[in-house]
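Structure at a glance
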Amino acid sequence: MARHFDAIIIGTGQAGPPLAERFVTAGMTVAIIERHKFGGTCVNTGCIPTKTLVASAYAAHIIRRGAEYGFNVNGEVRVDMKRVKARKDEISGRSNKGVEEKLRGLKNCTVIGGHARFQSSRSVVVNDDVLEADKIFINVGGRASIPPLKGINDVSFLTNSSMMDVDFLPEHLVIVGGSYVGLEFAQMYRRFGSEVTIVEMGPRLIGREDEDVSEAVREILETEGIRVLLNAKCISLAKHDGQIAVGVECDDGPPEVLGSHVLLAVGRTPNTQDLGLDSAGVMTDKRGYIVVDDQLQTNVPGIWALGDCNGRGAFTHTAYNDFEIVADNLLNADHRRVSDRIQTYALFTDPPLGRCGLTDAEIRKSGRAALVAKYPMSRVSRAYEKSETQGFMKISVDAETKQILGAAILGTGGDEVVHVLLDVMYAKAPYTVVQRAMHIHPTVAEYLPTVLSKLEPFA
Ligand SMILES: Cc1cc2nc3c(=O)[nH]c(=O)nc-3n(C[C@H](O)[C@H](O)[C@H](O)COP(=O)(O)OP(=O)(O)OC[C@H]3O[C@@H](n4cnc5c(N)ncnc54)[C@H](O)[C@@H]3O)c2cc1C
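In this text, all values refer to a predicted model and were calculated from it rather than measured experimentally. (Residues numbered from 1 in each chain as written. Predicted model: local features only at pLDDT ≥ 70, side-chain atom pairs only at ≥ 80, totals over all residues. Heavy atoms only, no water.)

Some remarks on the state of the cysteines
- As enumerated under the stated definition, the model contains one disulfide in all.
- Two residues share a disulfide in this structure: Cys42 and Cys47, whose sulfurs sit 2.3 Å from each other. Taking the sign of the S-S torsion, -135 degrees for the link of Cys42 and Cys47, the bridge is left-handed.
- Overall, Cys42 belongs to the buried group, its relative accessible area being 11%.
- Using a relative accessible area of 27% as the deciding quantity, one classes Cys47 as partly exposed.
- Free of any disulfide, Cys356 has its nearest neighbouring cysteine sulfur in Cys47, separated by 19 Å. (Disulfide = S-S within 2.5 Å. Buried < 20%, exposed > 50% of the residue type's maximum accessible area, 1.4 Å probe, protein only.)

A look at the packing of aromatic side chains
- Under the definition given, this model contains seven aromatic pairs.
- Pairing Phe315 with Tyr345 gives two aromatic rings, centres 5.3 Å apart and planes at 5 degrees, and the pair type is stacked. Residue Phe315 is found in the loop between strand 16 (303-305) and helix 9 (316-331), and its partner Tyr345 is found in strand 17 (residues 344-347); the two are separated by 30 residues along the sequence.
- The class for Phe315 is partly exposed, based on a relative accessible area of 28%.
- Centre to centre, the rings of Tyr320 and Phe323 are 5.0 Å apart; their planes meet at 65 degrees, and the pair counts as edge-to-face. Of this pair, Tyr320 and Phe323 both sit in helix 9, three residues apart, which is roughly one turn of that helix.
- Members of the aromatic cluster, connected to one another through ring pairs, are Phe23, Phe137 and Trp304. (Phe/Tyr/Trp six-rings, centres within 6.5 Å; stacked < 30°, edge-to-face > 60°. Helix = DSSP H or I, 4+ residues; strand = E, 2+ residues; numbered from the N terminus.)

Things to note about the packing of helix 3 (residues 47-64) against helix 5 (residues 81-104)
- It is the contact of helix 3 with helix 5, at a shortest axis distance of 9 Å, that shows an interaxial angle of 145 degrees. Here helix 3 and helix 5 pass one another in a crossing that is right-handed. Where helix 3 abuts helix 5, its residues Ile48, Pro49, Thr52, Leu53, Ala55 and Ser56 lie against Val84, Arg87, Lys88, Ile91, Ser92 and Ser95.
- Here the contact of helix 3 with helix 5 is composed, by residue class, of six nonpolar, four polar and two charged. (Axes fitted to C-alpha atoms, helices over the stretch in contact; angles between N-to-C directions. Left-handed = near helix turned anticlockwise from the far one by under 90°. Contact = heavy atoms within 4.5 Å. Nonpolar A, V, L, I, M, F, W, Y, C, P; charged D, E, K, R; others polar.)

Here's the deal with helix 7 (residues 211-223)
- In this model, helix 7 (13 residues) spans 18 Å end to end at C-alpha, consistent with the 18 Å of a helix rising 1.5 Å per residue.
- Looking one or two residues past helix 7, Gly225 carries a phi angle of roughly 95 degrees, positive in sign. (Expected span 1.5 Å × (residues − 1).)

Some remarks on the sheet that holds strand 8 (residues 172-176)
- Strand order in the open sheet formed by four strands is 10-9-8-14, with parallel pairing between adjacent strands. The sheet terminates laterally at strand 10 (227-229) and strand 14 (261-264), the two strands that pair on one side only. Between one strand and the next, the sheet's axes are offset by a mean angle of 20 degrees, whatever the strand orientation.
- Both strand 8 and strand 9 (residues 195-199) contribute to a ladder of five bridges, which runs parallel. The partner of Ile175 across the bridge, within strand 9, is Ile198.
- The sheet strands contacting helix 6 (residues 180-192) are strand 8, strand 9 and strand 14, and the helix crosses strand 9 at an angle near 165 degrees. (Pairing = 2+ DSSP bridges.)

Some words on the pairing of strand 19 (residues 370-376)
- By the bridge criterion, seven bridges tie strand 19 to strand 20 (residues 392-398) in an arrangement that is antiparallel. Paired with Leu371 across the bridge in strand 20 is Val397.
- As paired elements, strand 19 and strand 22 (residues 456-457) share two bridges and run antiparallel to each other. Paired with Leu371 across the strands is Pro457, a residue of strand 22.

Points about helix 9
- In a regular helix each residue adds 1.5 Å, so 16 residues correspond to 22 Å; helix 9 covers 22 Å between its end C-alpha atoms and thus fits that length.
- If you check which residues of helix 9 are buried, you get Thr318, Ala319, Asn321, Asp322, Phe323, Ile325, Val326, Ala327, Asp328 and Asn329.
- For helix 9, the elements touching its buried residues are helix 1 (16-25), strand 6 (129-138) and strand 16.
- After helix 9 finishes, the residue Ala333 shows a positive phi value of roughly 50 degrees.

A closer look at the site of the ligand
- The environment of the ligand is formed by 38 residues, the closest being Gln14, Glu34, Thr41, Asn139 and Asp308.
- Interatomic distance of 3.4 Å between a backbone N/O atom of Lys37 and an oxygen atom of the ligand.
- Contact distances for the ligand include 2.7 Å between an oxygen atom and a side-chain N or O atom of Asn139.
- Bound to the protein, the ligand loses 94% of the 1,000 Å² it would expose on its own.
- Looking at the shell around the ligand, the elements with two or more residues in it are strand 2 (30-34), helix 2 (40-44), helix 3 and helix 9.
- Split into classes, the residues belonging to the shell around the ligand amount to 13 nonpolar, 19 polar and six charged. (Near = heavy atom within 4 Å. Polar contact = N/O pair within 3.5 Å; in protein donor to acceptor, adjacent residues only side chain to side chain. Areas by Shrake-Rupley, 256 points an atom, 1.4 Å probe, with all protein chains shown as cover.)

Things to note about a nonpolar patch on the surface
- On the surface, Ile63, Tyr69, Phe71 and Val73 cluster together into a nonpolar patch covering about 300 Å² of accessible area.
- Note on placement: Val73 falls in the loop between helix 4 (66-69) and helix 5.
- A relative accessible area of 35% places Val73 in the partly exposed class. (Patch = residues over 30% accessible without salt bridge, like charges linked within 9 Å, V, L, I, M, F, W, Y side chains within 5 Å. Salt bridge = Lys/Arg side-chain N within 4 Å of Asp/Glu carboxyl O.)

A short note on the pairing of strand 8
- With five of five residues buried, strand 8 lies mostly within the body of the structure.
- Here strand 8 shows a buried face lined by His172, Val174 and Val176 and a second buried face lined by Leu173 and Ile175.

Examining the environment of Cys47
- Inspection of the secondary structure puts Cys47 in helix 3.
- Along the backbone, Cys47 and Phe315 are 268 residues apart, and their C-alpha atoms lie at a distance of 9.0 Å.
- Leave out the neighbours within four places in its chain, and Cys47 touches Thr41, Cys42 and Thr316.

Listed below in structure tokens is the structure:
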């Protein structure tokens, strides 16, 4: 006998749980299914644990710099990885428990543990139970990609998930992949005390960023003693006297990097291959992402896909925004669309990078007349008061409409400051609104008017 619900939600990542709550509050019955840990990637193996680890690493870094701030530390700063992990587990465990308890406490919400698979476009099987609904929401997220590198099956390697179990200090962590996930782990493990090497296939780190941003981030990491190897066209892995040899050239043999541990951080793969999507007739693209329209409905009416699995975002805030779009459109007859949102995210190295809007390359491609201003953090009083002067602020605006096109705030507080610009972009207001506003002294944001006073034609 099939059990019938108004809505079935597969996965408890960043969109599923708030969607369940909105639906039951609106009087619907909901079944929500989770096959592993409640809260998904962000809570268990992504944002929350990594930012908790970043905080421990920052504390160790600042203590090592004690003399600069006028205090002495007796002896070498040694990080106790068991305690660092315990703190991380406690903070991330609290969120994981919170998500489960919240869902189990919702009236008319049935929480089911198990792997869900479509049986048809209106039914899903979990643990031999058949569930039916006219509306089904897929929030299955993604996992670390494992590329078919030469030797990958001969060695053991870490991913962002297995890194969560590490309670020791790797002697030499070699990170394959110089993008967001890899760079955060690189800096934190260097600060914990490991030797760290980043091996990146492309000609620069975080290749989607502006060149000056990539360059500045590389300098920041290298200053801390992280080795960065770029243009590693043929990466291979092999056992070598109890270590792992990471080959970086297409020819066999040296140069290669010998590490005690290898972390693969080369992108994400959506969890869509074992969902029975064929039985429901739901289309995916070549990379396995579920194809959705601007309101996140799949090609099958009555089935929506939210979060990382739809390829329309790869962040917690994009997954949560997906929830808001779907819930408002279904429950409030709203007309919210994915294309209404402005790209924004942060790289949580220290200092962080806050990004919003278009990159330099995107502005160039758009062909519009633009102005740009760049200002070093070394001239920002809050930054030099804190002795955190690395990085710069860069803002681009449209020469005709005066609207902000994009910004990169690489510097202390950059992840927060960027929101000033983002909100003005949403308001479609001219940059002069920010330029004429009175801000609090001493903050990083108070320099935004100064930066904007230096606009000149975009090269
Ligand atoms: C190391 C790392 C750091 C990150 N840091 C940040 C950050 O600082 N800021 C940020 O915005 N983003 C960050 N992200 C990205 C962020 O974690 C994801 O974008 C976000 O978690 C996506 O959520 P989601 O709702 O799409 O799915 P997920 O959170 O991945 O959840 C999907 C859930 O579905 C379950 N599931 C899958 N298949 C099935 C099935 N067939 N049946 C039942 N259940 C199923 C899974 O077990 C999982 O619990 C980070 C990611 C990583 C890897």
